[in-house]
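These are the residues of each chain, in order.
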Amino acid sequence: MSVRKVILHHMVMTLKNPFTTSFGTFLDKEFFVIEMEDETGASGFGESVAFSSPWYSEETVETNKHIMGQFLIPLLLESPIEHPDEVSIRFKPIRRNNMAKSALENAVWDLYAKRNNNPLYKELGGVKQQIDVGISIGIQPTAKDLVHVIEEFVNEGYKRMKVKIKPGADYEMLKEVRRHFPDILLMADANSAYTLDDLDTLKKLDELNLMMIEQPLAHDDIIDHAKLQSVLATPICLDESIHSIEDARKAIELGSCKIINIKIGRVGGITESKKIHDYCSQQGIAVWCGGMLESGIGRAHNIALTTLPQFILPGDTASSSRYWEKDIIEPEVFVEKGVIHVPNKPGIGYDVNRQVLESFRVDKTVFSKKNILA
Ligand code: OSB
Ligand code: MG
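Residues numbered from 1 in each chain as written. Chains lettered and ligands numbered in written order. Predicted model: local features only at pLDDT ≥ 70, side-chain atom pairs only at ≥ 80, totals over all residues. Heavy atoms only, no water.

Trainee: What is the right way to read the overall build of the protein chain from this model?
Mentor: Helix and strand counts for the protein chain come out as 15 helices and 15 strands. Computed over C-alpha atoms, the radius of gyration of the protein chain comes to 20 Å, within 12% of the 21 Å expected from 2.2 N^0.38 for 374 residues, which places it in the range of a compact globule. Seen through its principal axes, the protein chain has C-alpha atoms that stretch 60 × 40 × 35 Å. For the protein chain, the proportion of its 374 residues judged to be buried stands at 60%. Restricting the contact set of the protein chain to residue pairs at least 6 apart, pairs at least 24 apart contribute 71%. (Helix = DSSP H or I, 4+ residues; strand = E, 2+ residues; numbered from the N terminus. Rg over C-alpha atoms; globule rule 2.2 N^0.38 Å. Buried < 20%, exposed > 50% of the residue type's maximum accessible area, 1.4 Å probe, protein only. Contact = heavy atoms within 4.5 Å.)

Put into structure tokens, the structure is as follows:
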């Protein structure tokens, strides 16, 4: 397979509702749709998940553009690829920048699966025809608002409620949620808002029968998380701290977590995601698929990955309509009674709606062998 052309569609889509985390509020999502063409004229799609600001990790939309355009795309156009697993090997000389790498690798996976006339999930060794999903809920002004929002999603059938927390908006709010919903699967995501100085607050969360607490401590830590896990009954799930299978191995060896949230972008692509999945499966560590407020293209890749067997816990891949007035794929992602039925069409299984894509596009850059290597 020879990659002949890569088009970066620079997109800006407004979220239906602002989404607040411990590090800030998102009003919209700026990202790239990666469209990749091979020698037969077939095309595959990927999505970059970095945000406009480096709040979640150091990558941004601008750094993704720089790294893809100056370094990664030239490496892809250089010579043919036999299998998508080769992409991460080819990208190895470039340090980190996992979201940039992943965006391109995911387009290669879609293209590869389409060439084989096979659904992406089958190409990955996926085994599920339907996947369970939960929902991630931003920090709300009051406990009453939070209970209200959760009630709505319980009624929609979502299988697990994840509530964003930060110091001052944690124990009391979650306690109120528990009082109203004694039996729901409930978890909290702190996005690194605490330190070991907050041990008393974190220990109190043990009263609330949470499935897990996600990334309570620093974004780059696994040592303090191990200390915390040793005194906490609630399982710790790592998100920000895990960028590779090596990070996963070290965290599991240290006892820093009992669960891992796999985000394809954060770990540099589907190939690395599969490695982490397989390792966690051997180690008896449950995994689930996280989200980055993706459009339908990123969502489709998440769905395909989640069909692998060790994705035991519900993920964050909610309905398109949770985020967007209109998504850029057809059909949109639809959650029915807490499950997504996995599409059986070739590649990512959803069509890109060109008209909608163009309506949210603010810029377009085309890379081809000619304009890069000449
Ligand atoms: O930590 O999982 C996270 C959104 C933005 C940045 C980080 C995170 C999130 C979410 C939302 O939790 C997941 C989603 O609904 O896509
Ligand atoms: Mg998280």
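Trainee: Explain unusual backbone geometry here, please?
Mentor: Peptide bonds are mostly trans, and most non-glycine residues show a negative phi. A cis amide bond links E330 with the next residue in sequence, P331, at an omega value of -5 degrees. The residue P331 is located in the loop between β12 (329–330) and β13 (339–341) in this model. Positive phi values are uncommon outside glycine, yet N117 reaches one of about 55 degrees. Turning to its location among the elements, N117 is positioned in the loop between α3 (98–115) and α4 (120–123). Classification of N117 by relative accessible area gives exposed; the value is 59%. The phi torsion at K337 lies on the positive side, around 50 degrees, for a residue other than glycine.

Trainee: I keep staring at the coordination of the magnesium ion (ligand 2) and nothing clicks. Help me out?
Mentor: Each angle at a metal carrying four tetrahedral donors should ideally be 109.5 degrees, and each at a metal carrying six octahedral donors should ideally be 90 or 180 degrees. D189 (OD), E214 (OE) and D239 (OD) make up the full set of protein donors to the magnesium ion (ligand 2), lying at 2.1 to 2.3 Å. Each donor residue of the magnesium ion (ligand 2) belongs to the same chain, and together they define the spacing D-x24-E-x24-D. Of this pair, D189 sits in strand β7 (residues 186–189) while D239 sits in the loop between β9 (236–238) and α9 (245–254), and the two are 50 residues apart along the sequence. (Donors = N, O, S within 2.8 Å, 3.2 Å for Na, K, Ca; no water.)

Trainee: Could you clarify how one ought to interpret the nonpolar core in this entry?
Mentor: Nonpolar side chains tend toward joint burial in soluble globular proteins. Among the nonpolar cores identified, the biggest contains 94 residues, and I150, M161, I165, L174, L205 and I260 are the most heavily contacted of them. With six residues, the top contributor of residues to this core is helix α5 (residues 143–156). If we ignore the near neighbours within four places in the chain, the residues touching I260 are C237, L238, I242, A248, I252, C280, I285, A286, V287 and W288. In this structure, F32, I34, I67 and F367 belong to the second largest nonpolar core, which totals 27 residues. (Core = buried A, V, L, I, M, F, W, Y, C linked by side-chain atoms within 4.5 Å.)

Trainee: Honestly, the packing of aromatic side chains in this entry has me stumped. Any pointers?
Mentor: Within a pair of aromatic rings, the relevant descriptors are the distance that separates the centres and the angle that separates the planes. Scanning the entire structure with this criterion turns up eight aromatic pairs. An angle of 90 degrees between the planes, with centres 6.0 Å apart, marks the rings of F23 and F26 as edge-to-face. With a centroid separation of 6.4 Å and 90 degrees between ring planes, the pair formed by W109 and Y112 is classed as edge-to-face. Of this pair, W109 and Y112 are both found in helix α3, three residues apart, which corresponds to roughly one turn of the helix. Its relative accessible area of 15% is what places Y112 among the buried residues. (Phe/Tyr/Trp six-rings, centres within 6.5 Å; stacked < 30°, edge-to-face > 60°.)

Trainee: Quick question: what am I supposed to make of the state of the cysteines here?
Mentor: Note on terminology: disulfide describes a covalent bond linking the sulfur atoms of two cysteines. In the structure shown here, the tally under the stated rule is zero disulfides. A disulfide-free cysteine, C257 has its sulfur positioned 7.2 Å from the sulfur of C237, the nearest such atom. Residue C257 is classed as buried on the basis of its relative accessible area of 5%. Between C289, a cysteine without a disulfide, and C237, which holds the nearest cysteine sulfur, the sulfur-to-sulfur distance is 11 Å. (Disulfide = S-S within 2.5 Å.)

Trainee: Explanation requested: the layout of surface pockets in the structure shown.
Mentor: Gaps left between atoms show up when a probe the size of a water molecule is rolled over them. What the largest pocket holds in volume is close to 480 Å³. Taken together, 19 residues make up the lining of the largest pocket; nearest its centre are K92, N98, K101, S244 and E272. Elements represented by at least two residues in the lining of the largest pocket include exactly α2 (85–90), α3, α9 and α11 (270–283). Here the residues of the lining of the largest pocket sort into four nonpolar, six polar and nine charged. (1 Å grid on protein atoms, 1.4 Å probe; cavity = no way out; pocket = protein on both sides within 12 Å on 5 of 7 lines; lining within 4 Å. Points joined across faces, edges and corners; volume = space filled by probe spheres on them. Nonpolar A, V, L, I, M, F, W, Y, C, P; charged D, E, K, R; others polar.)

Trainee: How should I be thinking about the site of ligand 1 in this particular structure?
Mentor: Near ligand 1 you find 18 residues, and of these S136, K164, N191, L293 and Y323 are the closest. Take K164: an N or O atom from its side chain is 2.9 Å from an oxygen atom of ligand 1. Expressed as a share of its isolated accessible area of 390 Å², the protein-covered part of ligand 1 is 100%. Here the shell around ligand 1 is composed, by residue class, of eight nonpolar, three polar and seven charged. (Near = heavy atom within 4 Å. Polar contact = N/O pair within 3.5 Å; in protein donor to acceptor, adjacent residues only side chain to side chain. Areas by Shrake-Rupley, 256 points an atom, 1.4 Å probe, with all protein chains shown as cover.)

Trainee: I tried to follow α11 on my own but got confused; where do I start?
Mentor: One turn of the α-helix equals 3.6 residues, which is why residues spaced by three or four share an orientation. Counted at 1.5 Å a residue, the expected span for α11 with its 14 residues is 20 Å, and the 20 Å between its end C-alpha atoms agrees. Just beyond α11, the residue with positive phi is G284, at close to 70 degrees. (Expected span 1.5 Å × (residues − 1).)

Trainee: Just to check I follow, could you spell out the pattern of salt bridges for this structure?
Mentor: It is possible for side chains of opposite charge to pair when their charged atoms get near one another. For the coordinates displayed, the defined rule picks out 20 salt bridges. In this structure, the salt-bridge partner of D316 is K162, at a minimum N-O distance of 2.7 Å. Linking D316 in the loop between α12 (296–306) and α13 (320–323) with K162 in strand β6 (residues 161–164), this pair joins segments that are 154 residues apart in sequence. A relative accessible area of 4% places D316 in the buried class. (Salt bridge = Lys/Arg side-chain N within 4 Å of Asp/Glu carboxyl O.)

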